[in-house]
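Read off the chains here:
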Number of protein chains: 2
Amino acid sequence: METMPADRGQAGPTISEVAAEAGVGRATAARTLGGYGYVSPELRARVLAAAEKLGYRANALARSMSTGVSHTLGVIVADIGNPFFAGLLRGISDTSRARGFDVIVLSTYENLGQEVAATNVLIDKRVDGVIVASAALDRDQVAHLKAAMDRGIPIVLVDRAVAALDLDAVVIDNREAAREAVEVLIAAGHRRIGFVWGPPVAQAPATRRELLAAASHNLWTDGERLRGYLDALDDAHIPFDPELVMVGPKTEERVVGEVGRMLALPDRVTAVFCTETDGMTGSLRALRKAGLSYPDDVALIGFDDSAWAAVMEPPLTMIAQPVHELGAKAAQVLLDILGGAEPAREMHTLRSRLIQRSSVAPPRLSSE
Amino acid sequence: METMPADRGQAGPTISEVAAEAGVGRATAARTLGGYGYVSPELRARVLAAAEKLGYRANALARSMSTGVSHTLGVIVADIGNPFFAGLLRGISDTSRARGFDVIVLSTYENLGQEVAATNVLIDKRVDGVIVASAALDRDQVAHLKAAMDRGIPIVLVDRAVAALDLDAVVIDNREAAREAVEVLIAAGHRRIGFVWGPPVAQAPATRRELLAAASHNLWTDGERLRGYLDALDDAHIPFDPELVMVGPKTEERVVGEVGRMLALPDRVTAVFCTETDGMTGSLRALRKAGLSYPDDVALIGFDDSAWAAVMEPPLTMIAQPVHELGAKAAQVLLDILGGAEPAREMHTLRSRLIQRSSVAPPRLSSE
């Protein structure tokens, strides 16, 4: 009866693992393997023996780096409780470790004050570079990131572009993904399609123009998904109805109330498009409260795919983001910059994928 | 049309936020507010003004600390992709921030080598204390944590006790929680109850004694949940059947195969108890493959409750761990030690809660 070994993965050992094997501090191992600073001959021999034993290979990146590199990347995520970010972190971690870098993570819970604090912690802890899914909405909110860059710490944005920063950003095709999902609903015959969630403003914007103005002052991803929804309506000549867009705080409770409201309209929604996991679970609760079921009473499509969405009965049609690839690409862009590459300062856009399952059916016009 | 402000929470500002407000480095703010080291009169004045403006209050803890405190806690979690750990981190973060500490996180993906590396990173980054959900299984696997303690870094275990370490551990009543859940299944009339998942051994242990021996060399939480399952069977005089315990890798794919096997037995399972989220989603996939549904064909109870479990149709009966409280308590114990309290070196056990919904019905004896 033998316990199976934990999966060691493809990644070579990190500086830290070599240090542990040699019984020396991480800084000593980094100095020895990086070829900078003083290390006593005895410790040096131990580190090299440990590196040999573990199969550590200094890569071109490590060799190209100058003194004082800490071999650590910092990642600032907006909400560690969102499985999307967990998947992203795995991609960052796998790629970073394969290139000899450890990763430390801070979560801001969508709070700009915490993002400022997190950035300062990472500067303080002397990370070599930072990947951030920023809560910053405009140019008044990016001083902390500029301060890190001023100290020579390169930054790559992930998930969310920030217009005020001319940086590499690794994102998905949010607008196109939303448009495709809403087109599937329209193709099934729906014209009354709810959008969950919209900008977190207190009152529903009366016009499309006001709605887009509100979106432009809020999260880039949310705005892009809203634009995709509007694109699909426009193409099908379906007029925009402000009553079908959720506003207010982005919480599951709020979704239950707002979708409930849309289901109680005289000309109620026959489909709901959810841009977040909480939007989907909230919409499902709203359906149950109203005594309705999917896909016959209401069609549903959501972000992001998960194991749960696949086991729902009927299984849910969902947009799957390439979460691991997003993280891996962000880490790769950052590590390339650390290795001496000139930042491209461009938007790297990955494709999401609509997984069609069984939560979309035509509207039941007869019973309306 | 006004954008609603992000929730700032009850927590006071951290050192980092004061530093950002003052436009100084975090170390300067820490020295000023901690009353140690040299700070120029001008910077000192700026920091104090910022602290005043933001309402920063140095607490007794901060005042009691000696020079060089970094006001950062390190957290090592086994898998950042598990929503359980995400909830735990929120509890740690909220409590730490309320006491002026930032939190940095590393995920080991259940890999001991990565845990060793993570510990070394945290030593290197000079965190004041560490909270760890360790992948270590026995005394040969804890040298890295002992090394951190030797450097004066206090450690608190969370979620998982490690017998080889005489440390404070903040955990839930895993054995009792599992016993209670299985008792509910037995009370409904079930005697053929599957256990997902057991120890990750390659072959099913033939006897109860071998099973417990295997469990004792694997994760503490898994072993405790297995003991609770056996307790409930014993109390009801239901004989242990090794065919009803899943072994092998702890993955959703493996669950699908193993539960499928248990459903194909001549005397098949009529209920499944799942100790992890992947155990539940895998069991649901196995039911679908077998053309069976819950609760009538098979009763289900699982760990951990989630928004998805509540919106499943029928909604799932689940064990809810007090995830936020677990994290908050672990942070509190660690911060108390940092503040000068003597470590109690005890197991702090919090109560979980069984949320009865609609996934348990009596077995359909007539159709068996």
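The name an unreviewed UniProt entry assigns to chain A is LacI family transcriptional regulator, from the organism Nonomuraea solani.

Asks: Is there a simple way to think about the overall build of chain A in this case?
Replies: Of the regular secondary structure elements, chain A holds 14 helices and 11 strands. Overall, the C-alpha framework of chain A stretches about 85 × 60 × 30 Å when taken along its three principal axes. Taken over 368 residues, chain A has a buried fraction of 58%. Taking the intrachain contacts of chain A between residues at least 6 apart in sequence as the baseline, contacts between residues at least 24 apart amount to 74%.

Asks: So what exactly am I meant to see when it comes to the interface of chain A and chain B here?
Replies: Interfaces are often sized by the accessible area lost when the parts come together. With 68 residues of chain A at the interface, the matching set in chain B holds 69 residues. Between chain A and chain B, the buried area comes to about 5400 Å², and carbon and sulfur atoms account for 64% of it. Across the chain A-chain B interface, the total number found is four salt bridges. Arg26 of chain A is the partner of Asp124 of chain B in a salt bridge, and the nearest nitrogen-oxygen pair spans 2.7 Å. Sorting the residues of the side of chain A that touches chain B by element identifies α1 (15-22), α2 (26-34), α5 (83-98), β2 (102-107), α6 (112-124), α9 (208-216), α12 (277-289) and α13 (307-311) of chain A as the ones contributing at least two each. A total of seven residues in the side of chain A that touches chain B trace back to one element, the largest contributor, which is α6 of chain A. Among the residues making up the side of chain A that touches chain B, the classes are represented as 33 nonpolar, 17 polar and 18 charged.

Asks: Whenever I open this one, the sheet that holds strand β8 (residues 299-303) of chain B confuses me. Can you help?
Replies: Across a sheet, paired strands are connected by hydrogen bonds in the backbone, their directions being either parallel or antiparallel. Residues and elements named next belong to chain B. Strand order across the open sheet formed by five strands is β6-β7-β8-β9-β11, with mixed pairing between neighbours. Edge positions in the open sheet fall to β6 (193-196) and β11 (353-355), since each of these has one partner strand only. In this sheet, adjacent strand axes meet at a mean angle of 15 degrees when their direction is disregarded.

Asks: I tried to follow helix α3 (residues 41-54) of chain A on my own but got confused; where do I start?
Replies: All names here are of chain A. Under the 1.5 Å per step criterion, the end-to-end length of α3 is 20 Å for 14 residues, consistent within 8% with the ideal 20 Å. For α3, the full list of buried residues reads Val47, Ala50 and Ala51. Along the long axis of α3, the arc covered by the buried residues comes to 100 degrees, so they all point the same way. Turned more than 90 degrees away from the buried face of α3 sit Pro41, Glu52 and Lys53, all of them exposed. Looking one or two residues past α3, Gly55 carries a phi angle of roughly 80 degrees, positive in sign.

Asks: Would you mind showing me how to read the side chain of Glu224 of chain B here?
Replies: All names here are of chain B. Along the chain, Glu224 turns up in helix α10 (residues 220-235). Among the residues examined, Glu224 registers a relative accessible area of 16% and is labelled buried. In this structure the side chain of Glu224 is engaged in a polar contact, spanning 3.1 Å, whose partner is the side chain of Arg227. Once you skip the residues sitting within four places of it in the chain, Glu224 turns out to touch Asn174 and Arg175.

Asks: What should I look at first to understand the pairing of strand β3 (residues 129-132) of chain A in this one?
Replies: When a strand is regular, its side chains alternate between the sheet's two faces. Residue and element names in this part refer to chain A. The alternating pattern of β3 places Gly129 and Ile131 and Val130 and Val132 on opposite faces, both of which are buried. Relative to β3, strand β1 (residues 72-77) is paired through four bridges, and the arrangement is parallel. Across the sheet, Val75 pairs through a bridge with Ile131, a residue of β3. The β-α-β motif built from β3, the intervening helix α7 (residues 143-150) and the parallel element strand β4 (residues 155-158) has right-handed crossover chirality.

Asks: What's the story with the domain arrangement of chain A in this structure? I'm lost.
Replies: Residue and element names in this part refer to chain A. In terms of domain boundaries, chain A breaks down into domain 1 (15-58), domain 2 (72-172 + 323-350) and domain 3 (174-321 + 353-367). When each unit is reduced to the centre of its C-alpha atoms, the spacing between domain 2 and domain 3 is 29 Å. Counting from both sides, the interface comprises 13 residues of domain 2 and, opposite them, 10 residues of domain 3. Surface buried jointly by domain 2 and domain 3 totals about 1000 Å² across both partners, of which 57% is contributed by carbon and sulfur atoms. Counting the surface domain 2 buries against domain 3, the share from its top three residues, Leu137, Arg160 and Ile172, is 49%. At the junction of domain 2 and domain 3, the tally comes to zero salt bridges. The interface formed by domain 2 and domain 3 holds two residue pairs in polar contact (both at pLDDT 80 or more) in total. At the level of elements, β5 (169-172) and α14 (323-338) are the ones that each hand at least two residues to the side of domain 2 that touches domain 3.

Asks: Please explain the pattern of salt bridges as it appears in this structure.
Replies: Applying the stated criterion across every chain yields a total of 56 salt bridges over all chains. A salt bridge links Lys250 of chain B to Asp222 of chain B; the shortest N-O distance between them is 2.6 Å. Of this pair, Lys250 of chain B sits in the loop between α10 and α11 (252-264) while Asp222 of chain B sits in helix α10, placing them 28 residues apart in sequence. Linked through salt bridges whose partners overlap, the residues forming this network are Arg175, Glu176, Arg179, Glu183, Asp231 and Asp235 of chain A.

Asks: So what exactly am I meant to see when it comes to unusual backbone geometry here?
Replies: Where the residue is not glycine, phi is negative for most of them; where a peptide bond is considered, it is trans in most cases. Val196 of chain B connects to Trp197 of chain B through a cis peptide bond whose omega is 0 degrees. With respect to the element layout, Trp197 of chain B can be found in the loop between β6 and α9 (208-216). Each neighbour pair has its own omega, and for Glu313 of chain B with Pro314 of chain B the value is -5 degrees, a cis peptide bond. Take Pro314 of chain B: it is sitting in the loop between α13 (307-311) and β9 (317-320). Positive phi values are uncommon outside glycine, yet Arg126 of chain A reaches one of about 55 degrees. Topologically, Arg126 of chain A is positioned in the loop between α6 and β3. The backbone of Asp159 of chain B shows a phi angle near 75 degrees, a positive value even though the residue is not glycine. Mapped onto the secondary structure, Asp159 of chain B falls in the loop between β4 (155-158) and β5 (169-172).

Asks: Looking at this structure, how should I read the sheet that holds strand β11 (residues 353-355) of chain A?
Replies: Residue and element names in this part refer to chain A. Taken together, five strands build an open sheet; the order of strands is β6-β7-β8-β9-β11 and the sheet is mixed. Two strands lie at the open edges of the sheet, namely β6 (193-196) and β11, each paired on one side alone. Neighbour-to-neighbour, the strand axes of this sheet turn through a mean angle of 15 degrees, independent of strand direction. One ladder, built from three bridges, connects strand β8 (residues 299-303) with strand β9 (residues 317-320); its direction is parallel. Bridge assignment links Phe303 to a residue of β9, and that residue is Ile319. Across the sheet, helix α10 (residues 220-235) lies against β6 and β8, angled at about 170 degrees from β6, the strand it touches most.

Asks: Could you clarify how one ought to interpret the packing of aromatic side chains in this entry?
Replies: The description of two aromatic rings rests on the distance between their centres and on the angle between their planes. All told, the structure shown has eight aromatic pairs over all chains when counted by the stated rule. Note on Phe195 of chain A and Tyr229 of chain A: the rings are 4.9 Å apart at their centroids and 40 degrees apart in plane angle, and the pair reads as tilted. Here Tyr229 of chain A lies in helix α10 and Phe195 of chain A lies in strand β6, a separation of 34 residues in the sequence. An angle of 75 degrees between the planes, with centres 5.0 Å apart, marks the rings of Phe84 of chain B and Phe85 of chain B as edge-to-face. On the accessibility criterion, Phe84 of chain B (5% relative accessible area) is buried. The positively charged end of Arg90 of chain A is found above the aromatic ring belonging to Tyr109 of chain B, 3.9 Å away from the centroid.

Asks: Sorry if this is basic, but what is going on with the relation of the copies chain A and chain B here?
Replies: For the match of chain A to chain B, the screw axis carries a shift of 0.0 Å, the RMSD comes to 0.1 Å, and the turn is 180 degrees. Both copies of the chain, as the preceding transformation shows, are related through a two-fold rotation axis. No C-alpha of chain A lies nearer the rotation axis than that of Val105 of chain A, which sits 2.4 Å from it. The fraction of interface residues of chain A whose copies in chain B are also interface residues reaches 100%, indicating that both copies meet through the same surface.

About the thresholds
Residues numbered from 1 in each chain as written. Chains lettered and ligands numbered in written order. Predicted model: local features only at pLDDT ≥ 70, side-chain atom pairs only at ≥ 80, totals over all residues. Heavy atoms only, no water. Helix = DSSP H or I, 4+ residues; strand = E, 2+ residues; numbered from the N terminus. Buried < 20%, exposed > 50% of the residue type's maximum accessible area, 1.4 Å probe, protein only. Contact = heavy atoms within 4.5 Å. Buried area = accessible area lost by both parts, 1.4 Å probe. Salt bridge = Lys/Arg side-chain N within 4 Å of Asp/Glu carboxyl O. Nonpolar A, V, L, I, M, F, W, Y, C, P; charged D, E, K, R; others polar. Pairing = 2+ DSSP bridges. Axes fitted to C-alpha atoms, helices over the stretch in contact; angles between N-to-C directions. Expected span 1.5 Å × (residues − 1). Arc of directions from axis to C-beta. Polar contact = N/O pair within 3.5 Å; in protein donor to acceptor, adjacent residues only side chain to side chain. Right-handed = clockwise from strand over helix to strand, strands pointing away. Domains from an automatic or database assignment. Phe/Tyr/Trp six-rings, centres within 6.5 Å; stacked < 30°, edge-to-face > 60°. Lys NZ or Arg CZ within 6 Å of the ring centre and 35° of its normal. Least-squares fit on C-alpha atoms with pLDDT ≥ 70 in both.

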